[in-house]
Amino acid sequence: MALAEDLVRLCLDGEATSDPGCAPALELLVQVRLARYDTPAAAEALDRLAKLAAGSGDDRAAAFAELAAGRVRAAEADERASTHLQAALRSFTSLGLPLEAARAQLELGRAIAATAHEAAVAEARLALRTFERIGAAGDADAAAGLLRQLGASGRAWPKHYGALTKRETEVLPLLAAGCSNAEIAERLYISRRTAEHHVAHILSKLGLRSRAEAAAYTARERTEDP
């Protein structure tokens, strides 16, 4: 851990403190300090990152600042953590950075696990799929580990959801978790209109009349699935 922090410091020492290119290194420094349970030091690194993002006006640096803020707020048990992580997820997605977006999504799953179990499982599964798709093995292991902690498997849904397409099985957990069509679109990198179509098809195929019925249905099916 000390070696990792030294390497980050060496990287930062070689760059101008106002260079937005330093943002990933500062976000990593936040992670390193949180890993050793030094939240005040992590908050100090976050402050540097936030000032860099604000001063440079760089969208990528701002996204890293939101991710770092989410990590620190989660360590402080601050309910604002999910707001920062959702902002990071949106920003990385719009910037076309799937790895960073999935990392924000995984952290979001961790942050909401205690208060929104089903939504946390959905976020972790979506992050896992992205990590597997792009070959980020270490991150995929972390996502799978969170799913195990949450008592869930990596498989999207029980086999008896056979009437749904693969994409619809990805939409269903978000629908059941109460996500709006806009939020579903952001999570899955699809348009809002496409999300609306998927939601309508799911409700029709499963014979459901509302999102509330979808939540109740999926909760029941999860309980019954071996």
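Keep in mind the model is a prediction, meaning the values are calculated, not measured.

Undergrad: Explain the packing of helix H6 (residues 98–112) against helix H7 (residues 117–134) here, please?
TA: Two measures define how a pair of helices packs: the angle their axes make with one another and the distance between the axes. One way to put it is that H6 packs onto H7 with a least axis distance of 8 Å and a crossing angle of 155 degrees. Taken together, H6 and H7 sit at an angle that is classed as roughly antiparallel. Considering how the two elements wind past one another, H6 and H7 form a crossing that is left-handed. When H6 is examined against H7, the residues Pro98, Leu99, Ala102, Arg103, Gln105, Leu106, Leu108, Gly109 and Ile112 are found in contact with a partner set consisting of His117, Ala119, Ala120, Glu123, Ala124, Leu126, Ala127, Thr130, Phe131, Arg133 and Ile134.

Undergrad: Explain the confidence of the model for the protein here, please?
TA: Reading predicted coordinates in detail is not appropriate for stretches of low pLDDT. The predicted model of the protein averages 85 in pLDDT, with 85% of residues at 70 or higher. Contacts for the low-pLDDT stretch residues 155–160, under 50 throughout, to residues beyond four places or in other chains number 15 contacts.

Undergrad: Any chance you could explain the environment of Arg103 here in plain terms?
TA: With respect to the element layout, Arg103 can be found in helix H6. Sequence spacing of Arg103 and Ala124 is 21 residues, and the spatial spacing of their C-alpha atoms is 9.5 Å. A distance of 3.1 Å separates a polar atom in the side chain of Arg103 from a polar atom in the side chain of Asp139.

Undergrad: Would you mind showing me how to read the side chain of Arg187 here?
TA: Relative to the elements of secondary structure, Arg187 occurs in helix H10 (residues 181–188). If we ignore the near neighbours within four places in the chain, the residues touching Arg187 are Gln86, Leu89, Gln105, Leu108, Glu123, Leu126 and Leu174.

Undergrad: Got a minute to help me understand the pattern of salt bridges in this structure?
TA: Should their charged atoms come close, side chains of opposite charge can pair. Evaluated as defined, the whole model comprises 15 salt bridges. A salt bridge links Glu27 to Arg71, with the shortest nitrogen-to-oxygen separation between them at 2.6 Å. One end of the pair, Glu27, is in helix H2 (residues 23–35); the other, Arg71, is in helix H4 (residues 59–75), with 44 residues separating them in the sequence. Here Glu107 makes a salt bridge to Arg110, at a shortest N to O gap of 2.5 Å. Of the two residues, Glu107 and Arg110 are both situated in helix H6; the distance of three residues between them amounts to about one turn of the helix. When its relative accessible area of 37% is taken as the criterion, Arg110 is described as partly exposed. The structure contains a network of salt bridges with shared partners spanning Glu27, Arg71, Glu107 and Arg110.

Analysis parameters
Residues numbered from 1 in each chain as written. Predicted model: local features only at pLDDT ≥ 70, side-chain atom pairs only at ≥ 80, totals over all residues. Heavy atoms only, no water. Axes fitted to C-alpha atoms, helices over the stretch in contact; angles between N-to-C directions. Helix = DSSP H or I, 4+ residues; strand = E, 2+ residues; numbered from the N terminus. Parallel < 35°, antiparallel > 145°, perpendicular 65-115°, else oblique. Left-handed = near helix turned anticlockwise from the far one by under 90°. Contact = heavy atoms within 4.5 Å. pLDDT = per-residue confidence, 0-100. Polar contact = N/O pair within 3.5 Å; in protein donor to acceptor, adjacent residues only side chain to side chain. Salt bridge = Lys/Arg side-chain N within 4 Å of Asp/Glu carboxyl O. Buried < 20%, exposed > 50% of the residue type's maximum accessible area, 1.4 Å probe, protein only.

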